[in-house]
Amino acid sequence: MKSTLDQIEDIKRDGYTIDFATVFNHAFENYKKVALYSGLIILVFSIIFAFAFMGIVVAYYGASSLTEDFFKNLAVQKQSYIELLVTTIVLTVGTALLAPFGAGFLKICDLADKDEPFDFSTIFTYYKSSYFGQIFITAFIITLISSSIGAVIDSFGILFLGTALSLMISFLTFLAIPFVIFGDLKAIDAIKSSLIVVNKNPVMIFVLFMTGILGSLVGLAGCCIGVLFTIVFNTCITYATYFSIINMDDHKDAIDSIGQSDLE
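### Brief notes about the packing of helix α10 (residues 202–216) against helix α12 (residues 233–245)
Two numbers describe how α10 lies on α12: the axes approach to 7 Å, and their chain directions differ by 155°. Put simply, α10 runs roughly antiparallel to α12. By crossing handedness, the relation of α10 to α12 is classed as right-handed. Judged by residue contacts, Ile205, Leu208, Phe209, Thr211, Gly212, Ile213, Gly215 and Ser216 of α10 engage Phe233, Asn234, Ile237, Thr241 and Ile245 from α12. For the contact of α10 with α12, a count of residues per class yields seven nonpolar, six polar and no charged.

Structure representation (structure tokens):
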């Protein structure tokens, strides 16, 4: 069977077809299997990150900083170019370090899709595997480009344009991480492959991309905490989209065996 790069060459030459209903139904069926467990994981880590953030704020600004006015002023405060540079670097590194955590939800989706067991430790799979470096590099490159462009544009006061371009970069690199962990591609190849796939069928991929985002926000409609249990729908859409385009059969066994050897 053809490798991922060979399949990408075929897509570059011949394109591909993708059906919205098939992808959505696949994603929704998978979502029903992972929603509760993933939501609980996100809830636990949201609490941990919230306490960690408050601890950093208190350590840096003092306990008196934990007021509504402080956070409002912090949000609207105009940063110097040095501060923008530092913020961009911190954001880029932080996002890259958290990328394997996000990839863990793709692993959960994959196991659920195959009706195989998963547990709390599954979320850390890619911190322990050989894929960590490529996931980190992929997220680092994407975030550096996105945040740098956004920061430069925002510095001119054109806020919505920076956000729109950042969203566009996220859209174009929609499948980069799946190409690393399921396609076994290096970071640059994964990003280029995502660009090729998206540009061959941009309308349908954009519809799926936005469906994933909007579906993740459904939890806001009732109780805000509900979003913790719907946010993983975006991951399910990403997984189902990749699955519908790329034949994963050759990679699943190899990935599982690598993961098991690394865990041991």
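Moving on, there is more to tell.
### Concerning helix α1 (residues 4–14)
Buried residues of α1: Thr4, Gln7, Ile8, Asp10 and Ile11, and no others. Projected down its long axis, α1 shows its buried positions confined to an angular sector of 160°, all on one face. Of the residues one or two after α1, Gly15 is the one with positive phi, at around 75°.

### Quick word on the packing of α1 against helix α9 (residues 187–200)
Following both chains from N to C, one finds α1 and α9 inclined at 30°, their axes separated by 10 Å at the closest point. On the basis of the axis angle, α1 is roughly parallel to α9. For the pair α1 and α9, the sense of crossing is left-handed. For the pair formed by α1 and α9, the contact residues are Leu5, Ile8, Ile11 and Lys12 on the first element and Asp189, Ser193, Ile196, Val197 and Lys200 on the second. A per-class count over the contact of α1 with α9 returns five nonpolar, one polar and three charged.

### Focus on α9
If you check α9, its first and last C-alpha atoms are 20 Å apart, about what 14 residues at 1.5 Å a residue would give, namely 20 Å. When we look at burial in α9, the residues that qualify are Ala187, Ala190, Ile191, Ser193, Ser194, Val197 and Val198. Across the axial projection of α9, the buried residues extend over an arc of 160°, all falling on one side.

### Let's talk about the state of the cysteines
What the rule picks out here adds up to zero disulfides. Between Cys109, a free cysteine, and Cys236, which holds the nearest cysteine sulfur, the sulfur-to-sulfur gap is 3.7 Å. For Cys236, a relative accessible area of 0% translates into the label buried.

### Topic: a nonpolar patch on the surface
A surface patch of nonpolar side chains, about 600 Å² in accessible area, is lined by Tyr37, Val44, Ile48, Phe49, Leu98, Phe120 and Tyr127. It is helix α2 (residues 20–61) that contributes the most residues to the nonpolar patch, four residues altogether. With respect to the element layout, Ile48 can be found in helix α2. A residue is classified by how much of its surface remains accessible, and Ile48, at 44% relative accessible area, is partly exposed.

### Observations concerning the nonpolar core
If you look at the biggest cluster of nonpolar residues, it comprises 52 residues, and the most contacted ones within it are Ile135, Phe179, Ile181 and Ile245. No other element matches the nine residues that helix α4 (residues 81–113) contributes to this core. Not counting residues within four places of it along the chain, the set of residues in contact with Ile135 comprises Ala99, Pro100, Ala103, Tyr126, Ile177, Val180 and Ile181.

### Considering the packing of aromatic side chains
Each aromatic ring pair is specified by the distance between its two centres and by the angle formed by the two planes. In the structure shown here, the tally under the stated rule is 26 aromatic pairs. Pairing Tyr31 with Phe233 gives two aromatic rings, centres 5.7 Å apart and planes at 90°, and the pair type is edge-to-face. With Tyr31 in helix α2 and Phe233 in helix α12, this pair connects stretches of sequence that are 202 residues apart. For the pair shown, Tyr31 and Phe233 are each scored as buried. Aromatic side chains Phe174 and Phe209 sit 5.5 Å apart centroid to centroid with 80° between the ring planes, which places their arrangement in the edge-to-face category.

### A look at the pattern of salt bridges
By the definition in use, this model includes seven salt bridges. Linking Lys2 and Asp10 is a salt bridge whose minimum nitrogen-to-oxygen distance equals 2.5 Å. A relative accessible area of 44% places Lys2 in the partly exposed class. The salt bridge partner of Asp14 is Arg13, with a shortest N-O separation of 3.2 Å.

Calculation notes
- Residues numbered from 1 in each chain as written.
- Predicted model: local features only at pLDDT ≥ 70, side-chain atom pairs only at ≥ 80, totals over all residues.
- Heavy atoms only, no water.
- Axes fitted to C-alpha atoms, helices over the stretch in contact; angles between N-to-C directions.
- Helix = DSSP H or I, 4+ residues; strand = E, 2+ residues; numbered from the N terminus.
- Parallel < 35°, antiparallel > 145°, perpendicular 65-115°, else oblique.
- Left-handed = near helix turned anticlockwise from the far one by under 90°.
- Contact = heavy atoms within 4.5 Å.
- Nonpolar A, V, L, I, M, F, W, Y, C, P; charged D, E, K, R; others polar.
- Buried < 20%, exposed > 50% of the residue type's maximum accessible area, 1.4 Å probe, protein only.
- Arc of directions from axis to C-beta.
- Expected span 1.5 Å × (residues − 1).
- Disulfide = S-S within 2.5 Å.
- Patch = residues over 30% accessible without salt bridge, like charges linked within 9 Å, V, L, I, M, F, W, Y side chains within 5 Å.
- Areas by Shrake-Rupley, 256 points an atom, 1.4 Å probe, with all protein chains shown as cover.
- Salt bridge = Lys/Arg side-chain N within 4 Å of Asp/Glu carboxyl O.
- Core = buried A, V, L, I, M, F, W, Y, C linked by side-chain atoms within 4.5 Å.
- Phe/Tyr/Trp six-rings, centres within 6.5 Å; stacked < 30°, edge-to-face > 60°.

Such coordinate-based values are descriptive only and should not be taken to indicate function.
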